[in-house]
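# Structural characterization, general
Spelled out, the chains give:
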Amino acid sequence: MLGLEPFLVGPGNSAIGQAFLNAITNVEQGKGVSAKARDAALAGIKTAIGK
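Residues numbered from 1 in each chain as written. Predicted model: local features only at pLDDT ≥ 70, side-chain atom pairs only at ≥ 80, totals over all residues. Heavy atoms only, no water.

In this section: the pattern of salt bridges. Pairing is possible between side chains of opposite charge, provided their charged atoms come close. All told, the structure shown has 1 salt bridge when counted by the stated rule. Of the charged contacts, one joins Arg38 and Asp39 as a salt bridge, the two residues approaching to 3.8 Å between their closest N and O atoms. Look at Arg38 and you get exposed, because its relative accessible area is 56%. By relative accessible area, which is 48% here, Asp39 ends up partly exposed. (Salt bridge = Lys/Arg side-chain N within 4 Å of Asp/Glu carboxyl O. Buried < 20%, exposed > 50% of the residue type's maximum accessible area, 1.4 Å probe, protein only.)

Spelled out as structure tokens, the structure:
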């Protein structure tokens, strides 16, 4: 047993995953700074889910 907890998949799950992927991809491609990637991902998530 790995001790992992299950999580719910909701209607915004795809948009949230895409926002994280975009932030990570930008860093990988040299278009973003890793120290700011988390903030960029959170901003993308808020935009994606309309908040």
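Attention shifts here to the environment of Asp39. Structurally, the position occupied by Asp39 is in helix α2 (residues 34-48). Residues Asp39 and Ala23, 16 residues apart in the sequence, show an inter-C-alpha distance of 8.9 Å. (Helix = DSSP H or I, 4+ residues; strand = E, 2+ residues; numbered from the N terminus.)

By themselves, these observations are geometric and do not establish any function.
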